[in-house]
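Chains, contacts and geometry: an overview
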Amino acid sequence: MSNSNIVSFSIIIPTYNESENVLRLIREIEKNLPTSDFTEIVIVDDNSPDGTGKLVENYINQQKSTTEKEGSPKTKNYRIKIVHRIGKNGLIPAIMDGVKQSSGQNVIIMDADFSHPPDVIPKMMQELKMNPNSIIIGSRYIEGGKVVGWPKKRRLLSTGASILARFGLNVRRVKDPMSGLFALPRELIQNISIDTKGYKILLEILVKNKEIPTKEIPYTFIDRQSGKSKMDRNVIMNYAEAIWQLYRHGPKSGQVTINEKVNKRSVLFLSKVGRYYTVGISGLIINYIVSFLLANDVANSIRLLSNVWYLEASIIGAAISSTSNFFLNKYWTFEDKRFDVRSTARQYLSFIGMSAIGLIIQIALLYYMVENLIPYRISLIVAIGIATTINFILNKKFTFKEKVWA
Ligand SMILES: Nc1nc2c(ncn2[C@@H]2O[C@H](COP(=O)(O)OP(=O)(O)OP(=O)(O)O)[C@@H](O)[C@H]2O)c(=O)[nH]1
Ligand SMILES: [Mg+2]
């Protein structure tokens, strides 16, 4: 028989405008709870305009009055609690509030919209009892798990974000690190400092507890059938921001492993390469527009802005675009915000010099490949790719005086 003084599990369910789901969900959970443990169902509502909080409140009172009239059934192995918050200020703060106001030795987090089927809850409890001190994750992405009802775009977004998180943040061991359904001992969640606006609290916990064992159990995620989605562009922006902050968490925690350092460096390196390429593309566009506008298009006898010979126009185009490339790379790619005349001029000359070297490499490679019967189009792409990367490394090291691999 369970001891009602000891709460084994607190199921924390954040809600915002879930009036169509919340009571049905509570009933389903009640039906599925094992009798062996005392459980607390904690609804954390952000003052939902649709009255979700009130509904739960009434439900609890109704249960209480039945108990008073008929006496508590001996088998009742749970209680329901509602936490009212003053307003909507994000999913993670709501969850953390729920955790604080609950008392279970273990905590389970789940959504209210039936995306997380109530019948996996007992399985998760069982797993956690068999593996105490670990994180049990309801997983869509291991064998046996799946997602039903998401359009292709959202599926792609979710898979992409998971991959980004798994590899970028070094939580490779978990296939579904962004799951909203998980169970863990209270200690692992209650003292964690959450410093992101993120949407995915599990990811935070995993990044900050790399040594804790995890176990995934498959379930079928079903897209919400009723109620409104809170997934909007804001959420995506917050996610990107949260990933970035978590990523920077590594060095702050002082517990970075060599592996993470390498990981972090490679992400940083790639992000700079990415910016460099982006600037390069902007340069091509600027070059094209300037050359086009300046040139006197003889063939079509159009006079655009001026009337220069097309080769001169092209040289001016190249000069303007290398200048814009230089400033964009200085300010954005290499985040060098000092603009005093002397050092900026020195960097500018160096940048042009490196670009010239890049051009020579590009032409040499192109010549070599085409002579070796590689199709021109492919050769051109490969040559530009290699030359730009070498160019990037040269500028990183000599123009902006950064270590190549840092
Ligand atoms: N208390 C509280 N709950 C929230 C908040 N945002 C979302 N929720 C709840 O958190 C759970 C997950 O939110 P969902 O809107 O289902 O998010 P999602 O699963 O990413 O997106 P959809 O299912 O497409 O809507 C649901 O139970 C929501 O009601 C919030 O700001 N405060
Ligand atoms: Mg949902």
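To keep things clear, this report deals only with the structure shown in the data block. (Residues numbered from 1 in each chain as written. Chains lettered and ligands numbered in written order. Predicted model: local features only at pLDDT ≥ 70, side-chain atom pairs only at ≥ 80, totals over all residues. Heavy atoms only, no water.)

It is at 9 Å that the axes of helix α1 (residues 22-32) and helix α2 (residues 52-70) come closest, and there the two elements cross at 40°. With respect to each other, α1 and α2 are oriented oblique. Note on element contacts: α2 touches α1 through T52, L55, V56, Y59 and Q63, opposite V22, L23, I26, R27 and E30. Across the contact of α1 with α2, the residue classes tally to 6 nonpolar, 2 polar and 2 charged. (Axes fitted to C-alpha atoms, helices over the stretch in contact; angles between N-to-C directions. Helix = DSSP H or I, 4+ residues; strand = E, 2+ residues; numbered from the N terminus. Parallel < 35°, antiparallel > 145°, perpendicular 65-115°, else oblique. Contact = heavy atoms within 4.5 Å. Nonpolar A, V, L, I, M, F, W, Y, C, P; charged D, E, K, R; others polar.)

With that out of the way, let us pick up the site of ligand 1. E18, D46, D113, R154 and R224 are the nearest of the 19 residues found near ligand 1. Here an oxygen atom of ligand 1 sits 2.9 Å away from a polar atom, N or O, in the main chain of P14. Separating an oxygen atom of ligand 1 from a side-chain N or O atom of R224 is a distance of 2.8 Å. With the chains in place, 97% of the 610 Å² that ligand 1 exposes on its own is no longer accessible. Contributions of two or more residues to the shell around ligand 1 are made by β1 (9-15) and α3 (91-100). Across the shell around ligand 1, the residue classes break down as 8 nonpolar, 3 polar and 8 charged. (Near = heavy atom within 4 Å. Polar contact = N/O pair within 3.5 Å; in protein donor to acceptor, adjacent residues only side chain to side chain. Areas by Shrake-Rupley, 256 points an atom, 1.4 Å probe, with all protein chains shown as cover.)

This paragraph deals with the pattern of salt bridges. Inspection of the entire model under this criterion finds 15 salt bridges. Across the pair D46 and R85 runs a salt bridge whose closest N-O atoms are separated by 3.0 Å. Residue D46 is found in the loop between β2 (39-45) and α2, and its partner R85 is found in the loop between β3 (78-84) and α3; the two are separated by 39 residues along the sequence. Here R85 falls in the buried class, since its relative accessible area comes to 13%. (Salt bridge = Lys/Arg side-chain N within 4 Å of Asp/Glu carboxyl O. Buried < 20%, exposed > 50% of the residue type's maximum accessible area, 1.4 Å probe, protein only.)

A word on the sheet that holds β1. Spatially, 7 strands are ordered β3-β2-β1-β4-β7-β5-β8 in an open sheet, and the strand pairing comes out mixed. Two strands close off the open sheet at either side, each with one partner strand: β3 and β8 (214-218). Geometrically, the sheet is characterised by an average inter-axis angle of 20° between neighbouring strands, direction not taken into account. Strand direction decides the pairing type here: β1 and strand β4 (residues 106-109), joined by 4 bridges, are parallel. Paired with I12 across the bridge in β4 is I109. Across the sheet, α2 is in contact with β1, β2 and β3; its angle to β3 comes to roughly 145°. (Pairing = 2+ DSSP bridges.)

Here the distance between the centres and the angle between the planes together describe a pair of aromatic rings. All chains considered together, the criterion is met by 12 aromatic pairs. For the pair F334 and F400, a centre-to-centre distance of 4.6 Å together with 20° between the ring planes defines the contact as stacked. Within this pair, whereas F334 is found in the loop between α10 (310-333) and α11 (341-371), its partner F400 is found in the segment after α12 (376-399), the two being separated by 66 residues in sequence. Under the relative-accessibility criterion, F334 is labelled buried at 4%. A relative accessible area of 8% places F400 in the buried class. Here the aromatic cluster, defined as three or more aromatic residues joined through ring pairs, consists of F269, Y276, F326, F327, Y331, F334, F339, Y348, F351, F392 and F400. Directly above the ring of F398 sits K397, whose terminal nitrogen or CZ lies 5.8 Å from the centroid. (Phe/Tyr/Trp six-rings, centres within 6.5 Å; stacked < 30°, edge-to-face > 60°. Lys NZ or Arg CZ within 6 Å of the ring centre and 35° of its normal.)

Turning next to the nonpolar core. In this structure, I11, I13, I26, I29, I43 and M110 are the most contacted members of the largest nonpolar core, which totals 34 residues. Taken together, the elements giving at least two residues each to this core come down to β1, α1, β2, α2, β3 and α4 (121-130). Ranked by residues supplied to this core, first place goes to α1 with 5 residues. In this structure M110 touches I11, I12, I13, P14, L25, I29, H116, P118, I121, G180 and L181, once residues within four positions along its chain are discounted. Listed in part, the 33 residues of the second largest apolar core include V42, I92, A165 and L206. (Core = buried A, V, L, I, M, F, W, Y, C linked by side-chain atoms within 4.5 Å.)

Once that is clear, we can look at the environment of T15. Take T15: it is sitting in strand β1. Residue T15 is classed as buried on the basis of its relative accessible area of 3%. In sequence terms T15 and N47 are 32 residues apart; their C-alpha atoms lie 9.0 Å from each other. Beyond its immediate chain neighbours, meaning those up to four positions away, T15 contacts V22, I43, V44, D45, D46, S48, T52 and A112. Among the polar contacts listed, one links the side chain of T15 to the side chain of D45, at a separation of 2.8 Å.

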